[in-house]
Structure formats: C-alpha cells, structure tokens
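One letter stands for each residue in the lines below.
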Amino acid sequence: MEQHDEVFMSFLISKSAFIKAEQCIKHFFLYKNHPYLRDSISRDKQFIFKRGTDVGIYAQQLFPGGMDVTEGEKRDQELFAQKTKQLIEQGVKTIYEATFIYDDLLVMVDILHLHEGEWKAYEVKSSLKITDTYVKDACFQYYVIKNCLPNLVDFSLLTLNPKYLKEENIEIDKLFKTTSILKDAINNNDYFSHKIALAKLSLEQNKIPDIKIGTHCFQPYECDFLGSCWKNIKEPNSVLMLGKLTKQAMFDLYDQGIRQIDDIDLNYVQHKEVKIQVKAVIEQKEQLFKDEIKQFMSAIKLPVCSLDIEVWQPAIPYYTGTRPFQQIPFLFSMIHEEQGKINQYSYFKPIEEDLRKEFLERILFMTKDFQTILMFDKSLEETVLNQLAELYPEYKHDIMQLKHKIIDLAEPIKKGNYYHPAMQGNFTLKSLAPLVNQESGFNDLDIQSGISAMYIYESLLEKNAIEAEQIKQQLIDYCEMDALITYQLMTFFNHKLD
Ligand code: SF4
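Residues numbered from 1 in each chain as written. Predicted model: local features only at pLDDT ≥ 70, side-chain atom pairs only at ≥ 80, totals over all residues.

Moving on, we get to the overall build of the protein chain. Helix and strand content of the protein chain: 19 helices and 14 strands. Counting only C-alpha atoms, the protein chain reaches 80 × 60 × 40 Å along its principal axes. Across the 498 residues in the protein chain, those meeting the buried criterion constitute 32%. Nonlocal contacts in the protein chain, meaning residues at least 24 apart in sequence, comprise 68% of its contacts between residues at least 6 apart. (Helix = DSSP H or I, 4+ residues; strand = E, 2+ residues; numbered from the N terminus. Buried ≥ 20, exposed ≤ 12 C-beta atoms within 10 Å, placed from the backbone. Contact = placed C-beta atoms within 7 Å.)

Encoded structure:
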C-alpha cells in the first residue's frame, strides 16, 4: 500500500526513508533530521496516496478474515511491531499492515499470510505494471522481514490485472496479478546491508551532505525538498526552467556554467521549440511565426466551437464491462459564440450509472452543426472517442465525422510557432490562460487539474446530495474554463494575425 509510513524524527529507517537515501543522501538526511523543510504535498499527490491506500484495503479481500495491526491504535510503528509479533505467536494466519523492525529498519507489509505452515508476504500496488522501483522497495521489505521471520518463504507484488473485465460482481482473484520477487530479493541481500550502513553513517555525521542538484532530484520520484534546495534556482530565467528539454540536457548546460537562459548562444541551439524560448527571454517579448500560425488557422471553418472532456479512471473497475484504470468520460463542456456572445454548455454524467451511451449521443448531437471543433491537446479526447466507437459501433461513422472536425490548438504551441516569456517554459493551456484572458481566474477554481477532477469525481461515491451538487458545479467550472480558454486562444491568434 503506497502510504506515508514514516514517523518523523524517529531513529528508525523506514522503507520511505530508504528510498530517499537511494535517490540522494541529502534527501534522506533532510527527511530524517529537518522534516519541517519538506514541501507541502500537492492535492494531486494526496489523491494518489489515497488511491494507493484504498486499493490496498480492497486487496485484503484476497485473504479475508485477517487482523489489522493498525486498527484502533495511534500511529506508533514500534507498537505495531509488538502487536504483529503477538499475533504471529497467537497463531493468527492473516495479518494486515504487518510491521517489523530489524537493525533499526522498519517495514510494514500490506498482507502477511500463513500458508501450510509457511509465511508469504504481499505488497499491493495500485498500478497495472511493476517498475524497478517497486521491486527494489519489495526487496528492502523482504530483507527486513526475513531477518525477523525466518519462516518467510515468498514475497509478492499484487498489481491490477490490465486484462480483467468486470462482470456483475468483481472476482477479486482475477482482478489482481501476483508476481513473486523472491529471486531478486535473495540476490540483493548484500546490497541492502551495504546501502543501509552508508545511510546510517550519513546520519551519524550530523551535517547536511553536500550534494548538488541534478537529474536525481526527479528520479525515481520528485524530491520533497525542491523548495529548499532549488529556492535560488527556480527563477524565470534559469536554464533549469527551459521547457521541451530533457532534464539531462538542462543539467548539461547548467554544469557547463550556463545558468541563465540569456547566456545561451543561439547559434548552438538546434530545436526550434528551445530557440524560441531563448529568443523570447533575450528580447523580452513574444515570438510569433505568423505564416505558420496563419496557415494553421486557415483550416478553421465556421461555425466553430471548443470542446473539453474529463475522464474518470477508477483503479477498481466500477461499471460492468470495464477494466482497471479504463478511461470513463463523465463530463464535457463546449463553448461557442453567437452574435458576439459566448455560450457554454456542459453535460455531466452521474457517477452511479454507466451512461456512456447517453454521453456519446449528447456530444454527437451538440457538435453536429459545427464545422470545426477546437481542442487543446486532443490525445485524451481522441482515445475516449475511439473507445466509444468500439463500444457502440452503430455510432462509429458519426464519431469519425466528429474526429475529422477536430483542430488541436496545442499543435502550433508545441511546434514553437508561438511563445511568450511569461509562459516560463510551459506549453500548457494553463500557462497560456493569463495571456488569452487576463480575467480567466484559473487559479481561483476549486479544481486545478485533470487529476484532481478525476479523484473529486470519484469522491462523489461517498457524498450526500448537497455535497454532490457542489462538487458537480466545481467540476463543470473547471471543464468550462478549459473549453473557454481553448476558444479564446483561437481569438487570440486571430488578433495576432490582424
Ligand atoms: S532537491 Fe535534489 S539535491 Fe536536494 S535533497 Fe532533493 S534530491 Fe537531493
């Protein structure tokens, strides 16, 4: 289960702390000794953690009737470890959140199960795939548990099965895939003792390690201390704020002593998307490739509308006939203009019912009279439309017609045909919003991202009618704002061509 399993200031080294030591020893040191410097956790990250916890609890049904060591207790891992020991001695066969401490290392594992006299451990991941980082985490857990519980014979990761198709009821054993990492764990035993010794040594030295920033600040996860380490670097003209460059390429410049964007020699910049950013900073003005924009805009035929779709991707499939993480469209907003007046329309699908057919019929009906449908980054919308065409083949022709009318306004931006220094290396709709509509108020919305929209929609399953109505409005406001800015981007480009 992906969760925060750390007690700050504790002398114990948890799995979370160990991962940080692997990433950067300074990250580990700050995490253990200066947690108050840690960045606040974004709303999107909080949602992702919650999903991990929820999927972990759901997976307990694979081994029903177990005892949860954390239930009814305050968050005290040493107490959890004592309780785990007691439950094992009492002959309890399934333990959730089983906790172990060995050599000052602390791990919790989602499920510990006794099978024919031998223990097997399972860690749940709310993911369709196993990553190297998951395997390394699991090997660390195995290392600690095996030293406490010699009778541990296997350690597996439980991930969601991408091929599982929900029928009326969830078949839990088919929903999850079990993958043993035992071989890796056995092969890595020595690695952990060595790495842990180094981590402990860094704590003993009682001095913040002198580590320079680099690509490691983002691998395998974005560091929690960027606000502290990067505070003098994240200024608009830093080369580390350039968009469309890999982190490695940015640090290649940075490490050569090229710290400011205007220090870059334009003769050495090959990519147009990078060149345009450098020029914009040097000249302190927008960069516009008028001919390219003109040609692009000539494809827009009237009448025109803009369209934005929001999707829900439940980890545990909710509707019959859907798979884990399948994209379920639940809201679309469209904007068009009539006699100089902006009109907006939104369709919201209630979460309780699978009304994807009604959703599709409504979108087809509402867009049928428009010659051009504007989007900003159409990839998600196209995926949704393709899935709906497969699901409802009787509408395939109409969906294809709709797709032919799409014009993606992200294209000229991505190709570097327009850039303003205020975009600060971002090529997103949000970075364009203040330029195309100074009163857009994107930042005043309750929902700020598609990820948040998705999780907030999911939260409707637990809300009463009054709360649900508020949430529905927040979601519509967010989606309408996306559609509005997309529409206004067209007007913005038209003015630039006047
Ligand atoms: S921001 Fe980078 S250098 Fe600083 S602690 Fe994090 S990973 Fe280490």
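Let's shift gears to the sheet that holds strand β11 (residues 341–348). Here we have 5 strands laid out as an open sheet, ordered β11-β10-β9-β12-β13, and mixed in their pairing. Two strands lie at the open edges of the sheet, namely β11 and β13 (406–408), each paired on one side alone. Ignoring which end each strand starts from, the neighbouring axes of this sheet average 30° apart. Bridge count between strand β10 (residues 328–338) and β11: 8 bridges; the pairing is antiparallel. (Pairing = 2+ DSSP bridges. Axes fitted to C-alpha atoms, helices over the stretch in contact; angles between N-to-C directions.)

We now examine the pairing of strand β9 (residues 304–312). Along any regular strand, the residues point their side chains to alternate faces of the sheet. Of all 9 residues that make up β9, 7 are buried, and the element is covered over most of its length. The pairing of β9 with strand β12 (residues 372–375) spans 3 bridges and is classified as parallel. By the bridge assignment for β12, C305 is matched with I373. Here β9 pairs with β10 via 8 bridges, running antiparallel. Note on β10: the bridge partner recorded for W312 is I328.

On to the site of the ligand, then. In the neighbourhood of the ligand, 13 residues make up the surrounding shell, with C24, H27, C217, C223 and C229 lying closest. Secondary-structure elements contributing two or more residues to the shell around the ligand are α2 (25–33) and α9 (226–229). In terms of residue count, the dominant contributor to the shell around the ligand is α2 (3 residues). Looking at side-chain class alone, the shell around the ligand contains 9 nonpolar, 3 polar and 1 charged residues. (Near = placed C-beta within 6 Å. Nonpolar A, V, L, I, M, F, W, Y, C, P; charged D, E, K, R; others polar.)

Core analysis: the largest hydrophobic core is formed by 52 residues, its most contacted members being V107, V109, A121 and I145. Those residues in contact with I145 that lie beyond four places of it in its chain are F100, V107, V109, A121 and L152. Grouped together as the second largest cluster of nonpolar side chains are 48 residues, L331, I363, V384 and I485 included. (Core = buried A, V, L, I, M, F, W, Y, C linked by C-beta atoms within 7 Å.)

Next up on the list: the confidence of the model for the protein chain. Averaged over all residues, the pLDDT of the protein chain is 93; the fraction at 70 or higher stands at 98%. Low pLDDT, under 50, characterises residues 1–9; the stretch is placed with 22 contacts to residues that sit more than four places away or in other chains. (pLDDT = per-residue confidence, 0-100.)

Moving on to the domain arrangement of the protein chain. Size of an interface: often given as the accessible area lost when the parts come together. Domain boundaries assigned for the protein chain yield domain 1 (13–204), domain 2 (232–283) and domain 3 (293–497). Each of domain 2 and domain 3 was reduced to a C-alpha centroid, and the two centroids are 32 Å apart. Contact residues are listed per partner, giving 10 residues for domain 2 and 8 residues for domain 3. Grouping the amino acids of the side of domain 2 that touches domain 3 by side-chain chemistry returns 6 nonpolar, 2 polar and 2 charged. (Domains from an automatic or database assignment.)

Burial in helix α17 (residues 429–436) covers these residues: L429, L432 and A433. In an axial view of α17, the angular spread of the buried residues amounts to 125°, which keeps them on one side of the axis. Turning to α17, the residues buried within the fold contact α19 (465–497). (Arc of directions from axis to C-beta.)

So, on to the packing of helix α1 (residues 15–23) against α2. Relative orientation of the contacting elements α1 and α2 amounts to 145°, with a least axis distance of 5 Å. Here A17, K20, A21 and Q23 of α1 lie close against α2, whose contacting residues are I25, H27, F28, Y31 and K32. Split by residue class, the contact of α1 with α2 holds 5 nonpolar, 2 polar and 2 charged.

Those residues of α1 that fall on the buried side of the exposure criterion are K15, A17, F18, K20 and A21. Residues of α1 that are buried sit in contact with β1 (13–14), α2, β4 (105–115), α5 (132–148) and α8 (189–204).

The next point concerns the environment of G72. By the secondary structure assignment, G72 is in the loop between β2 (67–68) and α4 (77–89). The exposure class of G72 is exposed, given the 6 C-beta atoms found within 10 Å. The sequence separation of G72 and E352 amounts to 280 residues, and the corresponding C-alpha distance is 32 Å.

For the rest of this paragraph, the subject is the packing of α1 against α5. Axis separation between α1 and α5 bottoms out at 10 Å; the angle between their running directions is 125°. Relative to α5, α1 is oriented oblique. Seen along the crossing, α1 lies across α5 with a hand that is right-handed. Residues K15, F18 and I19 of α1 pack against D137, F140 and Q141 of α5. Grouping the amino acids of the contact of α1 with α5 by side-chain chemistry returns 3 nonpolar, 1 polar and 2 charged. (Parallel < 35°, antiparallel > 145°, perpendicular 65-115°, else oblique. Left-handed = near helix turned anticlockwise from the far one by under 90°.)

A few words on unusual backbone geometry. Between Q219 and the following residue, P220, the backbone shows a cis peptide bond with an omega angle of 0°. Along the chain, P220 turns up in the loop between α8 and α9. For the peptide bond that leads from L302 to P303, omega is -5°, which places it in the cis range. Relative to the helices and strands, P303 is located in the loop between α12 (290–297) and β9. For E116, which is not a glycine, the phi torsion comes out positive at approximately 45°. Mapped onto the secondary structure, E116 falls in the loop between β4 and β5 (118–124).

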